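Read off the chains here:
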Amino acid sequence: MQIGIIGLGRMGGNITRRLMKAGHKCVIFDVNAKAREGLAKDGAVDAGALEDMVKKLSEKPRALWVMLPAGKITEDTVKHLSGLLEPDDIIIDGGNSFYKDDIRRAKELAAKRIRYVDCGTSGGVWGLERGYCMMIGGDRDAADHLDPIFAALAPGRGSIPATPGRQGRDPRVEQGYMYCGPAGSGHFVKMVHNGIEYGLMQAFAEGFDILRNVNTPAVPENRRYKLDLADVAEVWRRGSVVSSWLLDLSAIALAEDADLREFSGHVEDSGEGRWTIQAAIEQAVPAEVLSAALYTRFRSRQDHTFAEKILSAMRKQFGGHQEPPKG
């Protein structure tokens, strides 16, 4: 299947590589010519502008995957594409856009008979190897048409045991992708996913901070323990109730440097945590853990503890996120 990929950053580039590995034909565009050159050498078709991309997409209906940061750049790109495409063509927003923006965009594009799909995409910098978990919303027929693309990007069942009682349900969910419903629903599910991620990361961060600080003067000498945090993380990975990919990433970071000297503890947030709390407020749903995790990130920009270093380390491991330059 032929598809256009717009945005070749940390995830867009690897999405392109995974699709080409599965035999799909990718037409690529990024304002960074060097990003295009590398993928063109691997077999992608280089487009120098969005107009050029649309011309080079010969299969109808055209499908264009936008993989850009949420906000103005995605908004402008979708608007630009809306003036270039034909009825039945499909725009997929695979980034982390706000779900209410999806609802508005889908309505605006429907007036031109252009179909819109929002796809919450989880997998970070590891997606090329592991595959991507995808939460899909928008036009159902368009989503079904794109099934070969989603199937190629998804991780597949792997070694995860089947969940009892799932007989008769959509088998694609067990492959790692799900059609969630109308416009915005995919990004809504991904938004809450990221809010939960904040809480899980905060729990690990605080736990490791407690383990580290048991060996400080604040603790009576007979109750101090000099614990090897890298080994604690590793043993928890094996048969523990708290084993998870986030723990795996923490174990990698701690094995590299148990003091996490690379990190200051300044922890950014990418927006989805805030939107999750806003949704909770609108629905009058208590979200104490998720709210506290978000506020801790705000505080980390003023004072830093080892817990924040753990958070920074996890963000670098799963998403390639770098701390802002010091000073």
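The structure this text deals with has already been given above.
Residues numbered from 1 in each chain as written. Predicted model: local features only at pLDDT ≥ 70, side-chain atom pairs only at ≥ 80, totals over all residues. Heavy atoms only, no water.

A. Representation of the sheet that holds strand β3 (residues 45-46). What the 8 strands build is an open sheet, ordered β3-β2-β1-β4-β5-β6-β7-β8; its pairing is mixed. Each having just a single partner strand, β3 and β8 (177-181) make up the two edges of the open sheet. In terms of strand pairing, strand β5 (residues 90-93) meets strand β6 (residues 115-122) through 4 bridges, oriented parallel. Residue pairing for β6: Ile92 is matched across the bridge by Val117. Helix α4 (residues 72-82) contacts β1 (2-6), β4 (63-66) and β5 of the sheet and is inclined by roughly 165° relative to β4. Sheet strands touched by helix α9 (residues 185-213): β5, β6, β7 (133-138) and β8. Its angle to β6, the strand with the most contacts, is close to 15°. (Pairing = 2+ DSSP bridges. Helix = DSSP H or I, 4+ residues; strand = E, 2+ residues; numbered from the N terminus. Contact = heavy atoms within 4.5 Å. Axes fitted to C-alpha atoms, helices over the stretch in contact; angles between N-to-C directions.)

B. View of the side chain of Arg36. Of note, Arg36 is situated in helix α2 (residues 33-41). On the accessibility criterion, Arg36 (12% relative accessible area) is buried. Those residues within four positions of Arg36 in sequence are excluded, and the remaining contacts are Leu8, Ile28, Phe29, Asp30, Val31, Asp46, Ala47 and Gly48. (Buried < 20%, exposed > 50% of the residue type's maximum accessible area, 1.4 Å probe, protein only.)

C. Inspection of the pairing of β6 at higher detail. With 8 of 8 residues buried, β6 is to be regarded as a mostly interior element. Burial along β6 is two-sided: the face carrying Arg115, Val117, Cys119 and Thr121 and the face carrying Tyr116, Asp118, Gly120 and Ser122 are both buried. Taken together, the 6 bridges between β6 and β7 define a ladder with antiparallel strand orientation. Counted as the bridge partner of Ser122 is Cys133 from β7.

D. Geometry of the environment of Glu256. Mapped onto the fold, Glu256 is located in helix α11 (residues 245-256). Expressed as a C-alpha distance, the spacing of Glu256 and Ile5, which sit 251 residues apart in the sequence, is 35 Å.

E. Seen up close, the side chain of Glu308. Relative to the assigned elements, Glu308 resides in helix α14 (residues 306-319). Judged by its relative accessible area of 1%, Glu308 falls in the buried class. Not counting the four nearest positions on each side in its chain, Glu308 is found in contact with Gly265, Val267, Thr296, Arg299, Ser300 and Asp303.

F. Quick look at the pairing of strand β2 (residues 25-29). For β2, the buried fraction is high: 4 of the 5 residues fall into the buried class. Pairing of β1 with β2 involves 5 bridges; the strand directions are parallel. In the sheet register, Ile6 faces β2, and the bridge partner there is Phe29. One crossover worth recording links β1 to the parallel β2 by way of helix α1 (residues 12-21), and it is right-handed. As for the winding sense of the linkage, the β-α-β connection from β2 through α2 to β3 is right-handed. (Right-handed = clockwise from strand over helix to strand, strands pointing away.)

G. View of the packing of aromatic side chains. Scanning all chains against the criterion turns up 8 aromatic pairs. Taken together, a centroid distance of 4.9 Å and an interplanar angle of 35° make the contact between Phe98 and Trp275 tilted. Of the two residues, Phe98 is situated in the loop between β5 and α5 (99-110) and Trp275 in helix α12 (residues 272-283); the sequence distance between them amounts to 177 residues. The buried category is assigned to Phe98, whose relative accessible area is 16%. Residues Phe208 and Trp236 carry aromatic rings whose centres are separated by 5.5 Å and whose planes lie at 45° to one another, so their mutual orientation is tilted. In this pair, Phe208 sits in helix α9 while Trp236 sits in helix α10 (residues 229-236), placing the two residues 28 residues apart along the sequence. (Phe/Tyr/Trp six-rings, centres within 6.5 Å; stacked < 30°, edge-to-face > 60°.)

H. View of the layout of surface pockets. The volume enclosed by the second largest pocket comes to roughly 230 Å³. Per-class residue counts for the lining of the second largest pocket are 5 nonpolar, 1 polar and 4 charged. (1 Å grid on protein atoms, 1.4 Å probe; cavity = no way out; pocket = protein on both sides within 12 Å on 5 of 7 lines; lining within 4 Å. Points joined across faces, edges and corners; volume = space filled by probe spheres on them. Nonpolar A, V, L, I, M, F, W, Y, C, P; charged D, E, K, R; others polar.)

I. Region of the structure containing the environment of Tyr132. Of note, Tyr132 is situated in the loop between α6 (127-130) and β7. The sequence separation of Tyr132 and Gly48 amounts to 84 residues, and the corresponding C-alpha distance is 27 Å.

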